[in-house]
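One letter stands for each residue in the lines below.
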Amino acid sequence: MLSRVAERIYWQTRYLERAENTARLLNVFSNLLLDLPDRTIFGWDDLVRITGIGESFASQYQTADETNLARFLISDPCDVSISTMLAMARENARTVREVMPTEAFEGINELHYHIQSTAGQAAERSARNEMLEEIIENCQRIFGVLAGTMSRDAGYAFIRMGRALERADMVSRMVDAGARKLFALPDADPAAPGYAETYQSILWMNVLLSQSAYQMYRQHVRRRVNGEDVIGFLLHNEEFPRSVNHNLTTIRKVLPKLPNHGEVASLVARARRELEKSRAAELAEHALPQQVDDLQIRFAAIHDAIARTWFLPKGGK
């Protein structure tokens, strides 16, 4: 497979997964706004930190509120908006149509043009929620087509690798957000009966829902929703397909399909060791965010090694 084709496939997949994950993030923030107790001050500015858009967002908006962030992350002509990511996914898919099912390209193409025509409704919450659900469902459908119709060759290995790396990064960001107590509670009365427990339950429930993980969590963890168990499930569970552990395992499994994979395999093994260290940090909230930061550095190193091994010297996206 040509390096140019491999790179296009990889980035097509990452952009699609990133668009879906951004839609999931916006969905969970909207739901939390409705579910959290009245005394909670809602921290939309934390969404800026999770997505790493601080500098680019500040160049266009002065206030990190719901309307501005929805516009920026859905419809604005910037590198991190869903509409831009779908456009990039379409462009990458268009140039490698010969190696992927026609139905998959048609799905990407239709989703791109549909969101282009409806993205202007991002500021209206009801229309936005419907749009976000459509993005999530259609991305899932496209990946289903790819999984059901592509030969298990090098091309499909790059699809699985790109999706797994993108997903592991976003799930780790959601865990990090919860561990840092995503929303400030300056007006909360610590003595208020059940207030802290209610707040924590709602927060971690929505973290699970953002990953479509609630039912699977209840099957594996037969206790009420709590931070320690949610963190353990989303980081370490080997069977849930959105967990960090599962996605690192996926990358490790597809690497034998590709030549010269030694450096990437070594970095994946290091990331798995870093993940194992977070087990000891789960009970210490101050330690876990640093562990997650270290994990995200490992993910970036894996991506750099993928580019060096299979895409360079042409590089780019």
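That block above? That's the structure.
Residues numbered from 1 in each chain as written. Predicted model: local features only at pLDDT ≥ 70, side-chain atom pairs only at ≥ 80, totals over all residues. Heavy atoms only, no water.

As for the overall build of the protein
Looking only at helices and strands, the protein has 14 helices and zero strands in total. For the protein, the α and β elements follow one another from N to C terminus as α-α-α-α-α-α-α-α-α-α-α-α-α-α. For the protein, the proportion of its 317 residues judged to be buried stands at 53%. Counting contacts in the protein only where the partners sit at least 6 residues apart, residues at least 24 apart contribute 67% of the total. Summed over its atoms, the accessible surface of the protein is roughly 14200 Å², and 48% of this surface lies on carbon and sulfur atoms. (Helix = DSSP H or I, 4+ residues; strand = E, 2+ residues; numbered from the N terminus. Buried < 20%, exposed > 50% of the residue type's maximum accessible area, 1.4 Å probe, protein only. Contact = heavy atoms within 4.5 Å. Areas by Shrake-Rupley, 256 points an atom, 1.4 Å probe, with all protein chains shown as cover.)

Some details on the packing of helix α7 (residues 125–149) against helix α8 (residues 154–179)
Orientation of α7 relative to α8, taken along the N-to-C sense of each, is 145°, at an axis distance of 11 Å. Between α7 and α8 the crossing geometry is left-handed. Every residue of α8 that contacts α7 at Gln 140, Phe 143, Leu 146 and Ala 147 is listed here: Tyr 156, Ile 159, Arg 163 and Arg 167. Tallied by class, the residues present in the contact of α7 with α8 amount to five nonpolar, one polar and two charged. (Axes fitted to C-alpha atoms, helices over the stretch in contact; angles between N-to-C directions. Left-handed = near helix turned anticlockwise from the far one by under 90°. Nonpolar A, V, L, I, M, F, W, Y, C, P; charged D, E, K, R; others polar.)

Concerning unusual backbone geometry
Positive phi outside glycine occurs at Ser 212, with the angle close to 50°. Structurally, Ser 212 is set in the loop between α9 (195–210) and α10 (214–220).

A closer look at the pattern of salt bridges
Any two side chains of opposite charge can pair, on the condition that their charged atoms come close. This structure, assessed with the given rule, holds 15 salt bridges. Where Glu 274 meets Arg 298, a salt bridge forms, and the shortest distance between an N and an O atom there is 3.5 Å. Of the two residues, Glu 274 sits in helix α13 (residues 262–281) while Arg 298 sits in helix α14 (residues 288–311), which places them 24 residues apart along the sequence. Glu 274 gets classed as buried once you look at its relative accessible area, which sits at 5%. (Salt bridge = Lys/Arg side-chain N within 4 Å of Asp/Glu carboxyl O.)

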